[in-house]
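Here is how the chains run, residue by residue.
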Amino acid sequence: MLPAFSYVRPTTLGEAIRLAGRKGAHIHAGGTDLLGCLRDQVLGAETLVSITGLSELRGIAPARDGGLRLGALTTIAEVAADPTIRGRYAGLAEAASQVASPQLRNQGTLGGNLCQKPRCWYYRGDFHCLRKGGEMCFAAEGESQGHAIFGGDRCFAVHPSDTAPVLAALGATVRIAGAAGTRTIPVEQLLVPAGTNPQRETVLEPGEILTEVVLPPPAAGLRSSYRKVRARAVWDFALVGVALALRLEGGVARQVRVFLSGVAAVPWRHPGIEAALTGKPLDASIIAAASVAAAKGAEPLGKNAYKVELLRGLMTEELERLARG
Amino acid sequence: MSDDNVTRHLTRRGFLTTVGVGAAGVAALGPTPAEAAPPAVTEEGDMLRVVLKVNGREHRLLVEPRWTLLFVLRERLGLTGSKAGCERGECGACTVLVDGVPRYACMTLAAEAQGHEITTVEGLMDGEQLGPVQKAFAEHDAFQCGYCTPGQIMAAEGLLRATPAPGREEVRLGMSGNICRCGAYAHIVQAVEKAAGLRQGGGR
Ligand SMILES: Cc1cc2nc3c(=O)[nH]c(=O)nc-3n(C[C@H](O)[C@H](O)[C@H](O)COP(=O)(O)OP(=O)(O)OC[C@H]3O[C@@H](n4cnc5c(N)ncnc54)[C@H](O)[C@@H]3O)c2cc1C
Ligand code: FES
Ligand code: FES
């Protein structure tokens, strides 16, 4: 049985913002991450504010500039199956289809996917770790197989989302509604690096609701992809994942954006890989150079050096796949 | 177990359950008004009044906000076909259809199931007969202990409603959210393929 809480399901965004801003309130979208956090007492909730009654947060629609708007309540299964996304933003469809399991994709939402809590086994377990307000990150000296190899700073938990790295690579933005009005920020800036604040995952203030994700119009020749390696083929989070977005112009890579999952507290942008590829043809020697560059800057902990090799191999395979088209 | 027996059994269970929680928990057996007011703000410990439509039948219930759909199906409606395994979305034993689509009842609050059509394994009976997916699982010995089976059957039912003639890979992917600790996977895949044929050939 879950710990007790009260529940409210407002029918207007304004009411939802007001209720979500109250002390002890948590937003409930699909609930697939939230209920697990409540069960494991990672979070305590006085009130769940369900946003599933806000029909304006549902659905996929073209944006006026030729991009695409995805309501925060769009399910992961809907993202994976959408013909426009599969055609123009293939990497996002690939990421969505690798999330969790069929049942969880039917229920989990895109907004919830971006705002979910880390899966670090100390954080989810019975440890009063730094991220939960304790003194230290136990992974630093402990069981670090699942933890960060980039940007770890006091806390080494990694961000679990598969959609966030691709959305960041595609240059997507999120719209956020709050008591003071709405703001739009790049997906890249939604999530908080460990070094900035290890006790916070998103920049959302209490009462702020992520209402939609907006994809820019696809540039000519845009290719995008996402693939993660996991311990088993379903349900598992990325040990390492690679999101790529680039333009191929006469065989030459332009506007390369590379974000990694499973390696940092945020989707980790890797400028070294981007530089190795930009302005170059995707041939074997360039791909090999990018794979070497991938390891640069990695700072593995005691038990996760394997992630560096995994990243290099995955980088090679993904670039080869992208080059084949 | 015939459909009639299921209904009678349920009726008795529903009644006992009602008595169990005192006058507060009302498991209505007849049809109730379809439109339910959205739950008002509640205080901790308050019960919510919900109407759940399960296997075509409406139930008026008082639920605690923290009760999952799985808990209500099993402990309040006596529909014990849906099983509790991990209760954290990691095994699939609790799979039910919500508006025809497979979901985990353990990760769904009962309050959130309001306004949706819920189908459990009990709802796949065709009168006195097993439905096609149930029949195929029985014929192919697609289980050993049987604990995961209701969830497997509901995942298969959902898959086949969306994809009536799936290929081998689609079956494996569609069934990938259900674990079988007995390892009956090979027979499960065969049963789903058989069920696709049964449904196409005039089954439901
Ligand atoms: C067994 C298991 C395996 C999983 N595997 C994966 C995986 O492989 N990859 C992956 O990416 N995820 C995975 N998940 C995590 C999760 O199921 C998905 O990320 C899902 O998309 C979360 O969406 P939700 O709507 O259910 O979120 P919820 O649980 O409703 O919400 C998650 C968090 O975000 C907040 N929130 C939700 N919506 C909003 C909003 N619009 N505005 C502001 N805050 C909001 C909530 O308050 C909560 O803190 C897994 C979960 C489980 C249980
Ligand atoms: S009991 Fe629901 S997924 Fe295991
Ligand atoms: S038959 Fe025993 S768990 Fe599947």
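In what follows, the structure referred to is the one given above.
Residues numbered from 1 in each chain as written. Chains lettered and ligands numbered in written order. Predicted model: local features only at pLDDT ≥ 70, side-chain atom pairs only at ≥ 80, totals over all residues. Heavy atoms only, no water.

Draft legend 1. Highlighting the interface of chain A and chain B. Across the contact, 31 residues belong to chain A and 37 residues belong to chain B. Applying the counting criterion to the chain A and chain B interface returns one salt bridge. Arg 88 of chain B serves as the salt-bridge partner of Asp 40 of chain A, at 2.2 Å between the closest nitrogen and oxygen. Our count for the contact surface shared by chain A and chain B stands at 15 residue pairs in polar contact (both at pLDDT 80 or more). Going through the elements one at a time, strand E1 (6-8), helix H2 (34-39), strand E3 (47-50) and helix H6 (102-107) of chain A are the ones with two or more residues in the side of chain A that touches chain B. Ranked by residues supplied to the side of chain A that touches chain B, first place goes to H6 of chain A with five residues. Looking at the side of chain A that touches chain B residue by residue, the classes come out as 14 nonpolar, 12 polar and five charged. (Contact = heavy atoms within 4.5 Å. Salt bridge = Lys/Arg side-chain N within 4 Å of Asp/Glu carboxyl O. Polar contact = N/O pair within 3.5 Å; in protein donor to acceptor, adjacent residues only side chain to side chain. Helix = DSSP H or I, 4+ residues; strand = E, 2+ residues; numbered from the N terminus. Nonpolar A, V, L, I, M, F, W, Y, C, P; charged D, E, K, R; others polar.)

Draft legend 2. Region of interest: unusual backbone geometry. Residue and element names in this part refer to chain B. For Glu 87, which is not glycine, the phi torsion reads 55 degrees and is therefore positive. Structurally, Glu 87 can be placed in the loop between helix H2 (69-76) and strand E3 (95-98). Note on Glu 87: relative accessible area 30%, which makes it partly exposed. Even without glycine at this site, Asp 141 takes up a positive phi of about 50 degrees. As for its placement among the helices and strands, Asp 141 is situated in the loop between helix H4 (132-139) and helix H5 (149-162). (Buried < 20%, exposed > 50% of the residue type's maximum accessible area, 1.4 Å probe, protein only.)

Draft legend 3. Just the pairing of E3 of chain B, in detail. All names here are of chain B. Across the two faces of E3 the burial is the same, with Thr 95 and Leu 97 and Val 96 and Val 98 all buried. Pairing of E3 with strand E4 (residues 101-104), which is carried by four bridges, proceeds in the antiparallel orientation. Opposite Val 98, over in E4, you have Val 101 as the bridge partner. Hairpin remark: E3 followed by E4, antiparallel, with two residues in the connecting loop; positive phi at Asp 99, about 50 degrees. Pairing of E3 with strand E5 (residues 117-119), which is carried by two bridges, proceeds in the antiparallel orientation. (Pairing = 2+ DSSP bridges.)

Draft legend 4. Focus on the site of ligand 1. Around ligand 1 there are 36 residues in total, and Ile 27, Gly 30, Thr 32, Leu 34 and Thr 109 of chain A lie nearest to it. Neighbouring residues of ligand 1 are not confined to one chain but are distributed across chains A and B. One of the backbone nitrogen or oxygen atoms of Cys 115 of chain A is found 3.4 Å away from an oxygen atom of ligand 1. Residue Pro 160 of chain A places a main-chain N or O atom 3.4 Å away from an oxygen atom belonging to ligand 1. Computed on the free molecule, ligand 1 has an accessible area of 980 Å², of which 97% lies beneath the protein chains in the complex. Element by element, the count of residues in the shell around ligand 1 is highest for helix H7 (residues 110-115) of chain A, at four residues. Split into classes, the residues belonging to the shell around ligand 1 amount to 16 nonpolar, 13 polar and seven charged. (Near = heavy atom within 4 Å. Areas by Shrake-Rupley, 256 points an atom, 1.4 Å probe, with all protein chains shown as cover.)

Honestly, it's all geometry; don't read function into it.
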